[in-house]
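Chain by chain, the residues:
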Amino acid sequence: MKTLHILCLSLLSLASIALARGADSEFIVDRTFDASQITSIEAKTFEGNINVIGEDRDDISLTATIEITGVSKERGEKIYEKIEQTFEITEGTLAITFDYESNGLRDFISSTSTTVDITLHTPSHIAQDLSTSNGNITAEFIDAPIEADSSKGNLTFKNIHASIEAETNGGNINVTTVEGSLELDTSGGHITLTDITGNTNAKTSGGNLTFENITGHIDAKTSGGHIRLTNINGNTDVKTSGGNITLEAMVGGVEAKTSGGHIKATFPEGLTSDTSLKSSGGHITVHFPTATAFHLDAKTSGGKVQTDFPITVSGEFASSRAEGDVNGGGPQLSLKTSGGHIKVKIL
């Protein structure tokens, strides 16, 4: 017990000394690279943000802001000297790396924090491969493919004219104005897409999916959030295990499934392809123009089927079941729920 007390006092003493001497140190690294032979950039920081701006220029400008907090000026300079800085050009790829191995317990006791924020101004046509262990990644005005990976940060992309592959374990993904395919994955955040032309594959384990003004095929899944899609032109396949699905101004076939919520869908141009909406625990409501032609197959185990459209019955018809052609028939409309009502409404 005496030894434990001495150890605790020692740790407290070290912490007190560190706090008394603690300060912030900032170091700036500026580098410029001729971009004439460079086709891609690989940028990696052990902890910090990465910001990339595409421009009409012939060189690549790098500014790295290194912040070291919680230590004396002398200690900060020693930590800075231990940060590995690598700038290499190999076969058209510029590799930029900042790496540092902390001192574990000593850094914890002294509340030492070391971050490297990277800002790149680059020609728009250069591809990007961006990685940080603990920080946000932002890229805009890029006309080449982007790969991005963050362990704990948000990912933001704006005005991109190429494909994007992006993954984060602890943040949101926001994408605006993109012409290119999207592969997006987050374990702990929301995914928000606006003004996208291209196919989308998106997955989150703990957030909402909100898409607006999308042209292209959508395949999206969330395990713990709601799904809201607005003004979509393309086939859509969406699933959620724990939320509602709202589909507004849809053009194209839809496959939508929720295990724990309601589904609302609006098709202002009618039904152009086969569509299936399924819920295990909620209501389903769909809206179509008066002249929409389709084959209805609706069934509920825990409510009623109601329709504003006259149906030419071809199968079973009951309060909980309706099957038949509407306006002469057309694409298949399958509506199934185990725990709610089904309503087919006229816009």
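Residues numbered from 1 in each chain as written. Predicted model: local features only at pLDDT ≥ 70, side-chain atom pairs only at ≥ 80, totals over all residues. Heavy atoms only, no water.

1. Observations regarding the packing of aromatic side chains
And step 1. The final tally for this structure, using the stated rule, is eight aromatic pairs.
And step 2. When the centroid spacing of 4.3 Å and the interplanar angle of 10° are considered together, the rings of Phe 27 and Tyr 80 count as stacked. Here Phe 27, found in strand S1 (residues 23-34), pairs with Tyr 80, found in helix H2 (residues 73-82); they are 53 residues apart in sequence, far enough to count as distant.
And step 3. Note on Tyr 80: relative accessible area 23%, which makes it partly exposed.
And step 4. Ring centres 6.1 Å apart and planes at 40° place the aromatic pair Phe 33 and Phe 87 in the tilted group. Pair noted here: Phe 33 is in strand S1 and Phe 87 is in strand S5 (residues 84-90), with a separation of 54 residues, a long-range link.
And step 5. An aromatic cluster of three or more residues is present, and its members are Phe 267, Phe 288, Phe 294 and Phe 309.
And step 6. In this structure, Arg 31 is placed above the aromatic ring of Phe 87, and the distance from its NZ or CZ to the ring centre is 4.4 Å. (Phe/Tyr/Trp six-rings, centres within 6.5 Å; stacked < 30°, edge-to-face > 60°. Helix = DSSP H or I, 4+ residues; strand = E, 2+ residues; numbered from the N terminus. Buried < 20%, exposed > 50% of the residue type's maximum accessible area, 1.4 Å probe, protein only. Lys NZ or Arg CZ within 6 Å of the ring centre and 35° of its normal.)

2. Points about a negative patch on the surface
And step 1. On the surface, Glu 42, Asp 129, Glu 147, Asp 149, Glu 165, Glu 167, Glu 183 and Asp 219 cluster together into a negatively charged patch.
And step 2. Mapped onto the negative patch, the elements with two or more residues apiece are strand S10 (146-150) and strand S12 (164-168).
And step 3. Locating Glu 42 in the fold gives a position in strand S2 (residues 40-45). (Patch = residues over 30% accessible without salt bridge, like charges linked within 9 Å, V, L, I, M, F, W, Y side chains within 5 Å. Areas by Shrake-Rupley, 256 points an atom, 1.4 Å probe, with all protein chains shown as cover. Salt bridge = Lys/Arg side-chain N within 4 Å of Asp/Glu carboxyl O. Lys, Arg positive; Asp, Glu negative; His and termini not counted. Charge placed at Lys NZ, Arg CZ, Asp CG, Glu CD.)

3. Things to note about the environment of Glu 255
And step 1. Within the fold, Glu 255 resides in strand S22 (residues 254-258).
And step 2. Note: C-alpha distance between Glu 255 and Lys 278 (23 residues apart in sequence) is 8.3 Å.
And step 3. Leaving out residues up to four positions away in the same chain, Glu 255 has contacts with Thr 236, Asp 237, Val 238 and Ser 276. (Contact = heavy atoms within 4.5 Å.)

Interpretation note: all reported values are geometric properties and have no functional meaning in isolation.
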